[in-house]
Amino acid sequence: MARVVVLGAGISGHTAALHLRRKLRREHEVVVVSPNADYNWIPSNIWVGVGRMTSQQVTFPLAPVYRRKKIDFRQARAVSIRPEGTGSSGRPTVEIEYTLPGRAGELEQVEYDYLINATGPKLNFAATPGLGPDGGHSLSVCTADHAAETAVRFAEVIAKLEAGERQRLVIGVGHGMCTCEGAAFEYAFNVEHELRTRGLRDRAEVIYLTNEHELGDFGVGGMTFEQNGFVTNSQLWTESLFRERDVTAIVGAHVQRVEEGKIFYETLQGEEGVLEFDFAMLLPPFKGQDLHAFDRSGQDITDVLFAPNGFLKVDADYTPKPYEDWRASDWPSTYANPTYGNVFGVGIAFAPPHQISRPRKTAGGTVITPAPPRTGMPSGLMGRQVALSIVDMIQAGATAPTRTASMSSMGAACVASAGAGVFKGTAASMTMFPVVPDRESYPEHGRSLQDTTGEIGLAGHWVKHFLHYMFIYKAKALPGWSLIPE
Amino acid sequence: MSQNESNRAAAPATPAEPVAYPGELGDSIAPAPTPGTVRMRTNVPYQLYRFARVNMRMAKMIRRSHTH
Ligand SMILES: Cc1cc2nc3c(=O)[nH]c(=O)nc-3n(C[C@H](O)[C@H](O)[C@H](O)COP(=O)(O)OP(=O)(O)OC[C@H]3O[C@@H](n4cnc5c(N)ncnc54)[C@H](O)[C@@H]3O)c2cc1C
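Residues numbered from 1 in each chain as written. Chains lettered and ligands numbered in written order. Predicted model: local features only at pLDDT ≥ 70, side-chain atom pairs only at ≥ 80, totals over all residues. Heavy atoms only, no water.

1. Observations regarding the overall build of chain B
Now for step 1: Across its full length, chain B carries 3 helices and 0 strands.
Now for step 2: Helices and strands in chain B line up, N terminus first, as α-α-α.
Now for step 3: For chain B, the proportion of its 68 residues judged to be buried stands at 21%.
Now for step 4: Carbon together with sulfur atoms contributes 61% to the accessible area of chain B, which is approximately 4,800 Å² in total. (Helix = DSSP H or I, 4+ residues; strand = E, 2+ residues; numbered from the N terminus. Buried < 20%, exposed > 50% of the residue type's maximum accessible area, 1.4 Å probe, protein only. Areas by Shrake-Rupley, 256 points an atom, 1.4 Å probe, with all protein chains shown as cover.)

2. Overview of helix α1 (residues 11–23) of chain A
Because an α-helix packs 3.6 residues into every turn, residues spaced three or four apart end up facing the same way.
All names here are of chain A.
Now for step 1: With 13 residues, α1 extends 18 Å from end C-alpha to end C-alpha; this agrees with the ideal 18 Å at 1.5 Å per step.
Now for step 2: Summarising burial for α1: 11 of the 13 residues are buried, a large majority.
Now for step 3: All buried positions along α1 are accounted for by I11, S12, G13, H14, T15, A16, A17, L18, H19, L20 and R21. (Expected span 1.5 Å × (residues − 1).)

3. Considerations on the side chain of H254 of chain A
All names here are of chain A.
Now for step 1: Turning to its location among the elements, H254 is positioned in strand β15 (residues 253–259).
Now for step 2: In terms of polar contacts, H254 uses its side chain to reach the backbone amide nitrogen of G176, at 2.9 Å.
Now for step 3: When residues no more than four places from it in sequence are discounted, the contact partners of H254 are H175, G176, F264, Y265, E266, T366 and I368. (Polar contact = N/O pair within 3.5 Å; in protein donor to acceptor, adjacent residues only side chain to side chain. Contact = heavy atoms within 4.5 Å.)

4. Considering unusual backbone geometry
Residues and elements named next belong to chain A.
Now for step 1: Omega for the bond connecting F433 with P434 falls within 30 degrees of zero, at -10 degrees, which places this linkage in the cis form.
Now for step 2: Summarising the element assignment, P434 is placed in the loop between β23 (426–432) and β24 (453–456).
Now for step 3: In this structure, F218 is a non-glycine residue whose phi angle is positive, near 55 degrees.
Now for step 4: Looking at where F218 falls in the secondary structure, it is placed in the loop between β11 (204–209) and β12 (224–227).
Now for step 5: Phi at D246 takes a positive value of approximately 55 degrees, unusual for a residue other than glycine.

5. So, the confidence of the model for chain B
Residues and elements named next belong to chain B.
Now for step 1: On average, residues of chain B score 72 in pLDDT, and 68% of them reach the 70 mark or higher.
Now for step 2: No element of chain B has a lower mean pLDDT than helix α1 (residues 3–10), which averages 38, and none a higher one than helix α2 (residues 35–40), which averages 91.
Now for step 3: Within the model, the stretch residues 1–19 combines pLDDT values under 50 with 14 contacts to residues more than four positions away or in other chains.
Now for step 4: Scored as a whole, the predicted complex attains pTM 0.94, and scored at its interfaces, ipTM 0.79. (pLDDT = per-residue confidence, 0-100.)

6. Comments concerning the pattern of salt bridges
Residues and elements named next belong to chain A.
Now for step 1: With the rule as written, the count across this model stands at 31 salt bridges over all chains.
Now for step 2: Residue E194 is joined to R52 by a salt bridge in which the shortest nitrogen-to-oxygen separation is 2.7 Å. Pair noted here: E194 is in helix α5 (residues 181–197) and R52 is in the loop between α2 (45–49) and β4 (59–61), with a separation of 142 residues, a long-range link.
Now for step 3: Classification of R52 as partly exposed rests on a relative accessible area of 38%.
Now for step 4: Between E244 and R245 there is a salt bridge; the shortest N-O distance is 3.6 Å.
Now for step 5: For E244, a relative accessible area of 28% gives the class partly exposed. (Salt bridge = Lys/Arg side-chain N within 4 Å of Asp/Glu carboxyl O.)

7. Brief notes about the sheet that holds β24 of chain A
Residues and elements named next belong to chain A.
Now for step 1: Strand order across the open sheet formed by 3 strands is β22-β23-β24, with antiparallel pairing between neighbours. In the strand order of this sheet, the two ends are held by β22 (412–418) and β24, each with one partner. Across this sheet, the average inter-strand angle for adjacent strands is 5 degrees, counted without regard to direction.
Now for step 2: Relative to β24, β23 is paired through 4 bridges, and the arrangement is antiparallel. Looking across to β24, one finds that M430 is bridged to G454.
Now for step 3: Packing of helix α9 (residues 458–475) onto the sheet brings it into contact with β22 and β23, and relative to β22 it is tilted by some 105 degrees. (Pairing = 2+ DSSP bridges. Axes fitted to C-alpha atoms, helices over the stretch in contact; angles between N-to-C directions.)

8. Here we look at the site of the ligand
All names here are of chain A.
Now for step 1: Around the ligand there are 32 residues in total, and S12, A78, I348, R374 and G376 lie nearest to it.
Now for step 2: Measuring from an oxygen atom of the ligand, one finds a backbone N or O atom of A9 at 3.2 Å.
Now for step 3: Residue I348 places a main-chain N or O atom 2.8 Å away from an oxygen atom belonging to the ligand.
Now for step 4: Protein coverage of the free-state accessible area of the ligand, which is 1,000 Å², stands at 90%.
Now for step 5: Of all the elements, helix α8 (residues 376–395) adds the most residues to the shell around the ligand, at 3 residues.
Now for step 6: The class makeup of the residues in the shell around the ligand is 16 nonpolar, 12 polar and 4 charged. (Near = heavy atom within 4 Å. Nonpolar A, V, L, I, M, F, W, Y, C, P; charged D, E, K, R; others polar.)

9. A look at the interface of chain B and chain A
Now for step 1: Across the boundary between the two partners, chain B contributes 37 residues, which contact 54 residues of chain A.
Now for step 2: Carbon and sulfur atoms make up 61% of the area that chain B and chain A hide from each other, which totals about 4,000 Å².
Now for step 3: Applying the counting criterion to the chain B and chain A interface returns 5 salt bridges.
Now for step 4: A salt bridge links R50 of chain B to E455 of chain A; the shortest N-O distance between them is 2.6 Å. (Buried area = accessible area lost by both parts, 1.4 Å probe.)

10. What about the sheet that holds strand β18 (residues 279–283) of chain A?
Residue and element names in this part refer to chain A.
Now for step 1: Ordered in space as β14-β11-β10-β18, the 4 strands form an open sheet in which the pairing is parallel. Edge strands, defined here as strands with exactly one partner in the open sheet, are β14 (248–250) and β18. Adjacent strand axes in the sheet meet at a mean angle of 15 degrees, parallel and antiparallel pairs treated alike.
Now for step 2: Sheet topology note: the β11/β14 ladder contains 3 bridges and is parallel. Looking across to β14, one finds that I207 is bridged to T248.

11. Digging into α8 of chain A
All names here are of chain A.
Now for step 1: When the terminal C-alpha atoms of α8 are compared, their 28 Å separation across 20 residues agrees well with the 28 Å that a helix rising 1.5 Å per residue should span.
Now for step 2: The buried fraction of α8 amounts to 17 of the 20 residues, a majority that puts the element mostly inside the structure.
Now for step 3: Note on α8: the residue one or two positions beyond its end, G397, has a positive phi of about 75 degrees.

12. Topic: the nonpolar core
Residue and element names in this part refer to chain A.
Now for step 1: Counting residues in hydrophobic clusters, the biggest one holds 129 residues, and the most contacted among them are L20, V94, F185, Y187 and I390.
Now for step 2: Contacts of V94, omitting those with residues within four sequence positions, involve V5, L7, A78, S80, I81, E108, Q109, V110, Y112 and L115.
Now for step 3: Grouped together as the second largest cluster of nonpolar side chains are 16 residues, L131, V255, L275 and L282 included. (Core = buried A, V, L, I, M, F, W, Y, C linked by side-chain atoms within 4.5 Å.)

Written as structure tokens, this is what we have:
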């Protein structure tokens, strides 16, 4: 009998757990450790943040799904990993701390044969003084609760605009090393649309504050599209959209601190600015969860398992090298840790070998470069492929992972959809293939011109709603769930 | 005062010029859509066609991403 422990029940971990249970014979155990009782379909938090959905519409309780699927769910957070076991036993363990009401704080050692770290990002608001809704001065849409709080504040802004006041709304990222610019862009697009459809746009100034050196970078070094017989790019596409919607953009910015109604920032050009605001939604930078690792004798081996940013080291080429020497093949494909081959890192939890955007810093040395995004589809796909590799290792005698899911051979979609109703909404949709440019396969642009696109219109709005219902259906493991792709 | 001017005076005040901030993109030279392009974004038959195209493109991308 083998036991697979999955840490995290987000997009990648939940997908991995469901596929493990689907494929593994009953005698094998699947255990999921995750601190929250609910699953959250994070991409739809954007709609919660403008009051178009409630947090209940983007979450559901995990326990009934896992009970039905015979997956052992422990509502707890992982604290440390002992990949060589403890003194008395050679079986690896992970220490967990319960968050389940009634057992909160209780510690437990859970033995494993295979471990998947799918703990996603730690929302590192602390990296920027005054950032974030918990004790800071800005808002977030990273969790359903954050988004619900943001919706309340947005409603207050709307009330003030309706009363004839002017308001300045700043949307973007709260640090030079943030990722997830796509989500900030999507929220800005939603806010602008809400204000315009309510007839309040002329009293509201909408400012997009980003660490991207130019609009349309999205942490992937921008994209090249073919449109109406021309080759164009995501910079022009995004600038055109902002020009049309009268959104002011501040690019190449690192937020130094946030005070009540004020954002202090510096730019790649080395200038400093203060931006006053009435409403600010700034995404935090991400780091790995603070997991520790110990060898059999109790020595700290955290740096063997994890990169300094807390993400799990996997089969990537982490050799430091200049931007010009970066290769698609540097990116991991099996997600196994090189030292402990039965430990895997998927989704946001794996350590990327380097950025995708060209690294940039100010003359004073402040790094202002988007970190590489690990979006929903790649995260789900990694979870699935790692699960299937583990199944082959347990049941088919494979000695190494059999499946791969490199971000240099998979695509991603980002659909910013706003508005209510079938015919009243709008969307800005982008697809790219592959996520990590592959200059050997696509020498000219690094990506396939046919599969890298950007378009605006109702069609994307329908796609996004369809995806919302489809992915929540899939995550609930309802009949036929496994036929829905990641 | 012409009719137009009096209408303008009654309309809500337009926002003040945005203050120039470091890093702010100046007047964009990116192409602006024509009214026809904007109309097509909500034209239901055309968007149904685009919906089919977007789905086909995504299906192709998903197929390519899943074959490993
Ligand atoms: C606002 C927003 C909008 C987005 N929109 C899109 C979009 O439109 N399209 C798209 O493709 N992507 C989008 N993304 C990105 C997408 O949400 C992520 O790619 C995806 O959630 C990553 O999946 P994950 O499993 O790695 O992490 P998560 O989904 O964050 O899951 C991590 C899990 O680990 C758990 N966990 C945390 N700490 C521990 C611990 N110590 N022990 C055990 N478990 C732990 C968490 O509770 C959670 O269940 C968006 C992201 C944001 C923030």
